Amino acid sequence: MRMYLSSFRMGDHPERLVALLDPPGPAAVIANAIDQAEAGERLEGVQRELDALGELGIDAEDLDLRDYFGAPERLAVDLARYRLVWVRGGNTFMLRHALAASGADEVLTRLVTRDALVYGGYSAGCCVLAPSLRGLELVDAPEPVIETYGVPPIWAGLGLIEYAFVPHVDSPEHPETEACGRLAEHYRATGVAHRTLRDGEAIVVG
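The paragraphs below set out a description of the structure included in this document. What you see is a predicted model, and the numbers here were worked out from it, not measured in a lab. (Residues numbered from 1 in each chain as written. Predicted model: local features only at pLDDT ≥ 70, side-chain atom pairs only at ≥ 80, totals over all residues. Heavy atoms only, no water.)

Section: the side chain of Asp105
With respect to the helices and strands, Asp105 occurs in helix H5 (residues 104–113). Asp105 sits in the buried class, given a relative accessible area of 13%. Not counting the four nearest positions on each side in its chain, Asp105 is found in contact with Arg96, Leu99, Ala100 and Leu158. (Helix = DSSP H or I, 4+ residues; strand = E, 2+ residues; numbered from the N terminus. Buried < 20%, exposed > 50% of the residue type's maximum accessible area, 1.4 Å probe, protein only. Contact = heavy atoms within 4.5 Å.)

Next up, the structure:
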């Protein structure tokens with residue numbers, strides 16, 4: 001299992017992300033954590049990730065999970081073409097819904113645990129990997145899932161890591177740093193295993 005988990009964007013060791021890609025190959029950017037954004041803003045957010053990966057020599061394209069809602073078999077076929085998925089930040093609950101509605105939660109879990117695919121991402125893209133999303137409501141609002149899709153948010157994470165992931169801690173330039181600090185304190189107080197990262201830091205798994 002190979003993962004590159006960053007607090008914000010590419011983190012401080014993007015060369016280690018590249019090193020995980022052996023053999024190298026194409027990447028898919030999953031940006032469904034910003035599905036509640038206006039279309040133009042979402043497009044800019046996707047392009048920023050494509051550009052950042054391109055600077056590392058990684059050929060990437062947008063993979064919108066909304067195109068696969070209710071079609072997990074087709075998603076499994078398409079995901080098999082990639083060596084890397086890069087899952088950007090945003091709202092963790094929106095991302096979790098898209099993963100479930102498309103079947104990407106099961107497909108990605110299968111591919112990552114078989115070491116057939118590298119998982120990379122930041123912020124919400126890493127938070128969703130925890131066993132549970134409980135507590136993240138202190139940072140991300142669950143309500144957009146209800147407002148957008150008319151269904152309740154999902155509180156179970158993918159369970160690909162054994163701890164809660166808390167980004168943006170002690171990162172004064174990030175607008176969510178205070179909320180993330182409170183989240184880390186909440187996990188400490190309730191005995192939840194967690195890992196905090198400052199912006200600019202990344203964890204390499206595998």
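Some thoughts on the environment of Leu99
By secondary structure assignment, the location of Leu99 is in helix H4 (residues 92–102). With relative accessibility at 3%, the residue Leu99 sits in the buried group. As for Leu99 and Asn32, which are separated by 67 residues in sequence, their C-alpha atoms are 8.4 Å apart. Those residues within four positions of Leu99 in sequence are excluded, and the remaining contacts are Leu65, Ala104, Asp105, Leu108, Val128 and Leu158.

A few points about H4
In terms of burial, H4 is largely enclosed, as nine of its eleven residues are buried. Within H4, the full set of buried residues consists of Thr92, Phe93, Met94, Leu95, Arg96, His97, Ala98, Leu99 and Ser102. Contacts from the buried residues of H4 go to strand E2 (27–30), helix H3 (72–79), strand E4 (84–87), H5, helix H6 (124–127) and helix H7 (143–149). N-capping of H4 is provided by Asn91, with a side-chain oxygen placed 2.8 Å from the backbone N of Phe93. (Polar contact = N/O pair within 3.5 Å; in protein donor to acceptor, adjacent residues only side chain to side chain.)

Here we look at the environment of Val77
The residue Val77 is located in helix H3 in this model. On a C-alpha basis, the gap between Val77 and Val107 in space is 9.7 Å, while along the polypeptide they are 30 residues apart.

Re the sheet that holds E4
Strands sit in the order E3-E2-E4-E5-E1-E8 across an open sheet of six strands; the sheet is mixed. Both edges of this open sheet fall to strand E3 (60–62) and strand E8 (202–205), since each of them pairs with a single strand only. Sheet twist, expressed as the mean angle between neighbouring strand axes with direction ignored, is 15°. Of the pairings in the sheet, the one linking E2 to E4 comprises four bridges and is parallel in character. Across the sheet, residue Ile30 finds its bridge partner in E4, namely Val87. (Pairing = 2+ DSSP bridges. Axes fitted to C-alpha atoms, helices over the stretch in contact; angles between N-to-C directions.)

Quick look at the environment of Arg81
Structurally, Arg81 is set in the loop between H3 and E4. Given the relative accessible area of 47%, Arg81 is considered partly exposed. When the C-alpha positions of Arg81 and Arg134 are compared, they lie 33 Å apart, and in sequence the two are 53 residues distant. Ignoring anything within four residues of it in the chain, the contact list for Arg81 reads Pro26 and Glu61.

So, the packing of H3 against H5
One way to put it is that H3 packs onto H5 with a least axis distance of 9 Å and a crossing angle of 35°. The handedness of the crossing between H3 and H5 is right-handed. Taking contact as the criterion, the partners of Pro72, Leu75, Ala76 and Leu79 in H3 are, on H5, Ala104, Val107, Leu108, Arg110 and Leu111. Considered class by class, the residues forming the contact of H3 with H5 number eight nonpolar, no polar and one charged. (Left-handed = near helix turned anticlockwise from the far one by under 90°. Nonpolar A, V, L, I, M, F, W, Y, C, P; charged D, E, K, R; others polar.)

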